[in-house]
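# Structural description and commentary
Okay, here's what each chain looks like letter by letter:
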Amino acid sequence: MEEQKKTQGEAGGDSLFDGGFDTAVPERPWATLKRLWHTAQDQHLRLLVVVLSVVCYTALAIAAPYYSAGIVDLLWENIQRAQGLGEAFVVTWRQGGREIFVLLLLYLGSWGFYTLQSYLMVGFAEQLNLRLRREMSEKLHRLPLSYLDSHQTGATLSHFTNDMDKMSEAMQYGILRLVTSVVLIVGSVVMMFRFNVVMTLLFLVFTLLSMVVTKLFSGVTLRRASRRQQALSQVTGLVEEAYSGRVVIKAFCREQASAGEIHRATEELAQATEKADFMMNAINPTVRLVNRLGQMGIAVFAGWQLLSGQLTVGVFQAFFQYVNQSAEPLTEASYVINSMQSALASAERVYRLLDAPEERPNPALPQRVDRARGQVEFRHVSFGYTPDRPLMKDISFAARPGQKVAIVGATGAGKTTLINLLMRFYEVDGGQILLDGVDTAAMTRENLRDNFGMVLQDTWLFDGTIAENIAYGKPEATREEIIAAARTARVDFFVRTMPKGYDTVLGGEAENLSVGQRQLLTIARVVLRDPPVLILDEATSSVDTRTEIEIGKAMQALMRGRTSFVIAHRLSTIVDADLILVMDQGNIMEQGTHRALLAAGGAYAALYNSQFAGS
Ligand SMILES: Nc1ncnc2c1ncn2[C@@H]1O[C@H](COP(=O)(O)OP(=O)(O)OP(=O)(O)O)[C@@H](O)[C@H]1O
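Residues numbered from 1 in each chain as written. Predicted model: local features only at pLDDT ≥ 70, side-chain atom pairs only at ≥ 80, totals over all residues.

## Things to note about the confidence of the model for the protein chain
Residues with a pLDDT of 70 or more make up 93% of the protein chain, whose mean pLDDT is 85. pLDDT under 50 marks residues 1-20. Its contacts with residues more than four places away, or in other chains, come to 46 contacts. Scored as a complex, the prediction yields pTM 0.70 and ipTM 0.96. (pLDDT = per-residue confidence, 0-100. Contact = placed C-beta atoms within 7 Å.)

Structure representation (structure tokens):
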């Protein structure tokens with residue numbers, strides 16, 4: 001449920017600056033900020049330059065209007081004097097020119113510092129993202145499978161994409177906006193007070209009013225944005241479901257029902273988006289309207305003071321420069337604050353991933369087993385995925401080098417779990433697993449897994465050539481070695497029929513590989529690596545009989561001379577096994593050879609007889 005909520009929030013998390021409103025709120029904003037500060041420790045100098053640049057920018061931005069007031073008054077006086085004398089008005093270097101030049105420098109300086117701080121912050125944000133992305137990708141490899149198994153892929157991936165984007169945007173734009181706005185507003189208001197108290201009070205009253213309006217609007221906006229996020233994640237979920245279940249949907253002729261559901265969800269999304277976007281678009285004009293009304297009031301008052309000689313033209317225009325300078329950031333305040341909140345919430349999610357408990361560290365003085373003979377033993381092993389639900393209570397068996405061990409049992413019996421423990425994807429709770437007499441817990445995981453080769457039903461091929469895919473476990477393999485492995489795996493023939501043979505790129509062109517061909521390729525991969533112990537998950541129903549025979553032969557060739565663990569789905573293929581483990585509810589019910597188990601007349605015999613009763 002918790003996870004569902006999390007992904008929903010993430011799925012719909014539009015960026016603020018695209019006009020979206022994010023509802024995510026950080027749980028511990030100050031602690032997260034402190035941690036971000038720590039993560040960016042190699043960039044503190046850059047931040048110091050940014051701070052200096054912000055100070056210079058705001059100082060210039062506050063000084064420029066004040067300075068301009070004097071210039072305008074000076075020019076105004078000169079114009080009037082020239083008119084009084086009937087002369088043409090000219091600006092010379094001594095009379096106004098120098099001041100205009102200085103004003104130009106002030107404006108240019110403030111532009112320059114603004115550009116500098118933006119440039120530095122873009123670099124800062126990207127460097128920070130780079131660091132976090134690197135830490136996350138390293139972390140992913142240190143996380144135990146239990147973490148990855150219990151977290152949705154989409155949610156984990158969104159830390160690399162959505163969360164990073166939000167943080168980057170907030171840092172490039174949000175932080176600067178926030179800091180410069182606060183300083184600019186405070187500075188401008190101080191200057192405004194120096195010019196005219198009544199006009200400043202008038203401005204503050206209308207500013208307060210526009211803030212109240214913003215607050216009212218943002219409450220409704222947040223609610224509507226949240227509804228839109230829910231609707232969006234529902235549509236995403238349904239489309240994903242329709243895509244992944246496309247074969248079943250077609251087989252049951254449920255296309256119309258599925259399309260209907262998506263249609264309904266998209267209609268809801270359209271309505272929710274309409275409402276949310278209307279609110280989003282309505283905020284700015286409304287706040288601006290309030291601001292304009294305020295400015296009108298100030299203008300009328302200022303005009304009256306101007307006419308009565310209590311205000312100069314220069315101060316009049318300078319005052320309005322300050323009004324504009326402060327009104328704009330105030331209008332955007334709620335967006336900026338929201339963006340900062342959502343970025344901090346993203347940072348929290350990223351740190352939560354980085355803080356997740358890791359695999360138990362490898363032993364400090366590990367024992368090594370280089371190229372095992374293949375003696376594998378389980379001694380009183382117990383295990384549960386969760387501490388409160390033990391699955392395996394006391395498992396013991398031994399396989400001698402070169403033996404074929406078949407694992408059978410109904411679905412959920414614990415066959416995969418046994419392999420998970422053997423490979424140390426999960427750690428045992430009690431007992432020992434030994435490889436050539438060495439406790440696997442005393443070895444490093446890398447050393448242990450170097451001794452194993454796995455062929456799973458879920459084949460995994462990556463974007464790359466067939467040759468690269470076969471050489472995945474031994475990148476330095478020569479072309480001859482790759483071809484020899486392909487021959488053993490009975491894959492050479494069909495690879496040669498492909499347009500570019502071993503250089504055919506999978507990925508774009510991988511769709512034209514059948515499930516069986518994909519599996520043969522993964523067998524070739526293991527053949528090339530030549531491990532002493534094998535784990536094979538027998539193909540079930542997704543391949544045709546001829547391919548199944550091919551795979552069977554390839555597996556036979558692979559198993560020769562190696563200890564092999566075969567998760568068997570058809571009892572016919574395991575009659576020659578040296579040891580059959582019959583599993584049920586996580587435990588081994590019976591073990592022995594096919595003959596011995598049949599003779600014992602227990603669960604295996606019953607299963608065997610039921611499978612072959614009709615044949
Ligand atoms: N990652 C996991 N977290 C919690 N429970 C799990 C996990 N993986 C498996 N289980 C549970 O452990 C039990 C054994 O599952 P396992 O996958 O080992 O069975 P299996 O014999 O391989 O089944 P199948 O033939 O369907 O693959 C099941 O009850 C299953 O629900």
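Next comes the rest of the description.
## Points about the site of the ligand
The environment of the ligand is made up of Asp149, Tyr385, Leu391, Gly409, Thr411, Gly412, Ala413, Gly414, Lys415, Thr416 and Thr417. Sort the elements by how many residues they give to the shell around the ligand and helix H12 (residues 415-422) lands first, with three residues. Looking at the shell around the ligand, its residues break down into three nonpolar, six polar and two charged. (Near = placed C-beta within 6 Å. Helix = DSSP H or I, 4+ residues; strand = E, 2+ residues; numbered from the N terminus. Nonpolar A, V, L, I, M, F, W, Y, C, P; charged D, E, K, R; others polar.)

## Considering the sheet that holds strand E7 (residues 533-537)
The pairing of strands in a sheet happens through backbone hydrogen bonds and is either parallel or antiparallel. Taken in spatial order, the six strands make up an open sheet running E6-E7-E8-E3-E9-E10, and their pairing is mixed. With partners counted over all chains shown, the strands left at the sheet margins are strand E6 (452-455) and strand E10 (587-592), one partner each. Across the sheet, the mean angle separating the axes of adjacent strands is 20° when strand polarity is ignored. Bridging between strand E9 (residues 579-584) and E10 involves five bridges; their strand directions are antiparallel. From the neighbouring strand, Leu581 faces E10, where its bridge partner is Gln591. (Pairing = 2+ DSSP bridges. Axes fitted to C-alpha atoms, helices over the stretch in contact; angles between N-to-C directions.)

## Remarks on the packing of helix H4 (residues 97-142) against helix H7 (residues 162-195)
The geometry of H4 relative to H7 is characterised by a closest axis approach of 9 Å and an angle of 155° between their N-to-C directions. Put simply, H4 runs roughly antiparallel to H7. Crossing of H4 against H7: the hand is right-handed. Each of Gln117, Ser118, Met121, Val122, Phe124, Ala125, Glu126, Leu128, Asn129, Leu132 and Arg133 in H4 lies in contact with H7, whose residues at this interface are Met164, Met167, Ser168, Met171, Gln172, Ile175 and Leu176. Along the lines of polarity and charge, the residues of the contact of H4 with H7 split into 11 nonpolar, five polar and two charged. (Parallel < 35°, antiparallel > 145°, perpendicular 65-115°, else oblique. Left-handed = near helix turned anticlockwise from the far one by under 90°.)

## Some words on the sheet that holds strand E5 (residues 438-439)
If you walk across this open sheet you meet the four strands as E2-E1-E4-E5, and the pairing is antiparallel. The sheet is open, and its two borders are formed by strand E2 (392-399) and E5, each paired with just one other strand. Of the strand pairs in this sheet, strand E4 (residues 430-435) and E5 are connected by two bridges, and their pairing is antiparallel. Paired with Leu435 across the two strands is Val438, which belongs to E5. Across the sheet, H12 touches strand E1 (376-383), E2 and E4, and the angle it forms with E1 is around 110°.

## Quick notes on the nonpolar core
Among the nonpolar cores identified, the biggest contains 64 residues, and Ile407, Ile523, Ala524 and Ile580 are the most heavily contacted of them. Examining the composition of this core, we find that seven residues originate from one element, helix H17 (residues 515-529), more than from any other. Contacts of Ile407, omitting those with residues within four sequence positions, involve Lys415, Leu418, Phe565, Val566, Ile567, Ala568, Leu581 and Met583. Counting residues in hydrophobic clusters, the runner-up holds 30 residues, among them Leu60, Ala64, Met167 and Leu344. (Core = buried A, V, L, I, M, F, W, Y, C linked by C-beta atoms within 7 Å. Buried ≥ 20, exposed ≤ 12 C-beta atoms within 10 Å, placed from the backbone.)

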